[in-house]
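These are the residues of each chain, in order.
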Amino acid sequence: MGLVSIAVSEGIAWVEINNPPVNATSTQLRHELLLAVNEVQGCRRAVLSCAGRSFIAGGDMSEFDQPPQEPHLPDVVDAIEQSDTPFLALLHGNVLGGGLEIAMACAWRIAAPGTRFGLPEVNVGLIPGAGGSQRAPRLLGWELAADMACSGKLLSTDTMLEHGGIDLIADDLMQAAKDFDAPRPTPVSQRDTPLLDADWLTEKRATLIGRSRGQQSPLLNLDALSWAITPFAEGQKKERALHLELRQSNESKALRHVFFAERAVTRPTALRDITAATLNNIVVIGGGLMGSGIAAACLLKGMNVALCERDAAGVERARETLTRLLDGARQRGKISQSRFDQLLADCTIAEGYSAAANADLVIEAVFEELSVKQNVMAELDQIAAPHTLLATNTSYLNPEEIFAPVRDRSRCLGLHFFSPAHIMKLVEVVALTDGSTETLASAFAFARSLGKLPVQAGICDGFIGNRILAAYRRAAEYLLADGALPQEIDAAMRAYGLAMGPFEAQDMSGLQIAEANRRRQDADRPANERYVTLGDQLCEMGRFGQRAGAGWYRYEGRKPLPDSAVTTLIEDYSQQQSITRRSFSATEIQTLLLAVMANEGARIVEEGIAQSDAAVDLVKVHGYGFPRWRGGPMQAAQALGNSKIQEALAALEESSPNSWRRARRFT
């Protein structure tokens, strides 16, 4: 057999699965494993293990869009549990999804230190499909079962041992299997389920509703777990039926779309055969919040970092900002006190740019003004060694212009981090026309080494994410002028699954940032494009957002409160523009704003700024809080249907003529 091998020695059958990279339970693997269960009958014990870096880490999701093929995983799992020859599972790496379902069906479980256990189907919009939701409460109790199934939490070996999920932790799994001797326990499926407390269930449901922001699979997993109070066969049947139904749901398709995008987009096919340079000596120019965040991200991954400022005052501010960011990581338990002290000691914070002479990569993160950035690059061109890569962390400016003073631009590129840079995972990697593929490959590898998700972007105003954000905000302001209020629009988008709506988000970042971008775009804005001045008026009034105590909202602490002064300002504006205001339903607001985002994303793909719809979705999910369970604006628009997107765009064009250009797919 190709994926499963059997070797019998002294009455023990050694059954090994070898289906790299993660031993996924594909149709072929299930077939061979079921044959192996039959073949080992008569042995006194069967030891199940996996080759490679992990035990079974889940199912083969590439098969989930196809009709299920026999043998089904529940049948394989049940065969293992009911086998006359008892199975001992040797666990290492990740034991996830179908892997944990198989492990729970074995009579005993021995794990290597550091092994992680989970039922992460919730992360792709599913519930377990082979008895996981029915065995986990019987084996581990309700709380741990809910942590895994409803929240995707991974359990440690120590936690599993403490709660009876495994029988032993061993460094040498094979020797431990040879030495292991214990009576065969009652199969997990036949054990009594702990008493289910109704108050606990109610509280857990309320917590999940608050966290999920509209995602249904956490709640459905809780439902499935509750079926464990019924006989196992009954609960397993219901679990399997719902699992198969959810495979075809928009939520699961969207979450699987993001899952595959995170793997494909961040490793472009065109760069796979390009050798990436190792970038370990990092210099960051500019010690503000963004520069210090980038420096912290590099420090936390063990890189050599120098953070540079123009003068002594800047150095002191950079030291304070970096200290605050690393202390936040310490307070969150990400690093220990000794690690915190060591990172601060290891980071060079210096006046001037001389540290760039020995750098592998220099990242400029100074004020977002072209002349300032050009001056930095002119200086770096004289200091940095020929092999040093030069990157700009710009949000909107054209990197081609920023790097104009650099003689060899093959080593230059944009690296657009998202704030806070030591936490946010997205990095837009912006290639120059005359940049080299080696530089691009090195940047992708560097971003991945930071634990980031790099997405390639072409050059345009705002690249991928901020260009869509600008269109989204513009459409939201049109809605204000036509009849909606900030709190209505924000509530609709929160109900859609975003953490906050466009006006809450603008207040948090500061209205002056959006205003500065509008002033920068004034010269190129088409004369007949509709322009709503409400944001400019708020800035003139000194209402710059949360930090100023007032913006689109007034604030008590950080809580946004609707402001009658803003309502009056908006209504007066509509009257001055001779606009008859009308009401908008939450669904109408959601559809209109989704249509704008999807249309701008489609144009970005058509122009080659983004490599694919998946790239657009990844940027919006990881950089802008678009709900992951909707898959990003492109996936969400596809699920809604082109006809509804076209209808929404038509409505927008009618209310704002000459202000929108449709992507070809929506014409």
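Residues numbered from 1 in each chain as written. Predicted model: local features only at pLDDT ≥ 70, side-chain atom pairs only at ≥ 80, totals over all residues. Heavy atoms only, no water.

1. Here's the deal with the side chain of E251
Inclusion rule: In this text, helices come from DSSP runs of H or I with a minimum length of four residues, and strands from runs of E with a minimum of two, each type numbered from the N-terminal end. Using a 1.4 Å probe on the protein chains alone, a residue whose accessible area is under 20% of its type maximum counts as buried, one over 50% counts as exposed, and one in between counts as partly exposed. The charge count treats Lys and Arg as positive and Asp and Glu as negative. His and the chain ends do not count. Criterion for a salt bridge: a side-chain nitrogen of Lys or Arg within 4 Å of a carboxyl oxygen of Asp or Glu. Two N or O atoms count as a polar contact when they lie within 3.5 Å, although within protein this holds only if one can serve as hydrogen donor and the other as acceptor, and sequence-adjacent residues are included solely when both atoms are side-chain atoms. Here a residue-residue contact requires only that any non-hydrogen atoms of the pair lie within 4.5 Å.
Secondary-structure assignment places E251 in helix α11 (residues 250–264). Put simply, E251 is tucked away with no salt bridge, and the nearest opposite charge, on R630, sits 8.4 Å away. Of note is the side chain of E251, whose polar atom sits 2.8 Å from the side chain of S217. Here E251 is in contact with G125, G214, Q215, Q216, S217 and W629, once residues within four sequence places are set aside.

2. What to know about the environment of V621
On the secondary structure map, V621 appears in helix α25 (residues 613–624). A relative accessible area of 10% means that V621 is categorised as buried. In this structure the C-alpha to C-alpha distance between V621 and G465, which are 156 residues apart in sequence, comes to 9.8 Å. Not counting residues within four places of it along the chain, the set of residues in contact with V621 comprises V258, F626, P627, R628, G631 and G632.

3. With respect to empty space enclosed by the protein
Stated formally: We place a 1 Å grid over just the protein atoms. Points where a 1.4 Å probe fits but has no way out form a cavity, open points with protein on both sides within 12 Å along at least 5 of 7 lines form a pocket, and any residue with an atom within 4 Å of a point lines it. Grid points are joined across faces, edges and corners, and a volume is the space filled by probe spheres set on the points.
On inspection of all chains with the given rule, the structure shows one cavity of 30 Å³ or more. By volume, the largest cavity is sized at about 80 Å³. In terms of lining, the largest cavity is formed by 13 residues, of which the most central are E81, A105, C106, A107 and P187. Counting only elements with at least two residues in the lining of the largest cavity, the list comes to α2 (73–82) and α3 (98–105).

4. Details of the layout of surface pockets
It is a probe the size of a water molecule, rolled over the atoms, that shows where empty space is left. Stated formally: For this classification, the nonpolar set comprises Ala, Val, Leu, Ile, Met, Phe, Trp, Tyr, Cys and Pro, the charged set comprises Asp, Glu, Lys and Arg, and every other residue, Gly included, is treated as polar.
Approximately 980 Å³ is the volume found for the second largest pocket. D461, A470, R474, Q521 and E529 are the residues nearest the centre of the second largest pocket, which is lined by 31 residues in total. Contributions of two or more residues to the lining of the second largest pocket are made by α18 (465–482), α21 (511–521) and α24 (586–606). Here the lining of the second largest pocket takes eight residues from α18, the largest share from any one element. Here the residues of the lining of the second largest pocket sort into 10 nonpolar, six polar and 15 charged.

5. Describing the UniProt feature "domain: 3-hydroxyacyl-CoA dehydrogenase NAD binding" (unreviewed entry) in the protein chain
Note the cut-off: UniProt positions are given in the numbering used here, feature names are shortened, and annotations may be inferred rather than shown by experiment.
Per the UniProt annotation, the sites labelled "domain: 3-hydroxyacyl-CoA dehydrogenase NAD binding" (unreviewed entry) are residues 282–457. Helix and strand shares over residues 282–457 are 41% and 22% respectively, and the end C-alpha atoms of the span are 22 Å apart.

6. Focus: the pairing of strand β1 (residues 4–9)
Put simply, the rule reads: Two strands pair if DSSP finds at least two bridges between them.
Relative to strand β2 (residues 12–17), β1 is paired through six bridges, and the arrangement is antiparallel. Bridge pairing links I6 to V15 in β2. In this structure, the hairpin formed by β1 and β2 is closed by a connection of two residues, where E10 is found at a positive phi of approximately 55°.

7. What about the pairing of strand β14 (residues 412–417)?
When a strand is regular, its side chains alternate between the sheet's two faces. Taken across its six residues, β14 has six buried, putting it largely inside the fold. Covered by surrounding structure in β14 are C412, G414 and H416 together with L413, L415 and F417, the residues of both alternating faces. Here β14 pairs with strand β15 (residues 426–431) via five bridges, running antiparallel. Bridge pairing in β15 places G414 opposite V430.

8. Overview of the sheet that holds β1
One open sheet accounts for six strands, arranged β1-β2-β3-β4-β6-β8; its pairing is mixed. Only two strands of the sheet have a single partner each, and these edge strands are β1 and β8 (168–169).

9. Details of the UniProt feature "domain: 3-hydroxyacyl-CoA dehydrogenase C-terminal" (unreviewed entry) in the protein chain
UniProt marks residues 462–555 with the feature "domain: 3-hydroxyacyl-CoA dehydrogenase C-terminal" (unreviewed entry), using the numbering shown here. As annotated, residues 462–555 has a helix share of 59% and a strand share of 2%, and its two end C-alpha atoms lie 29 Å apart.

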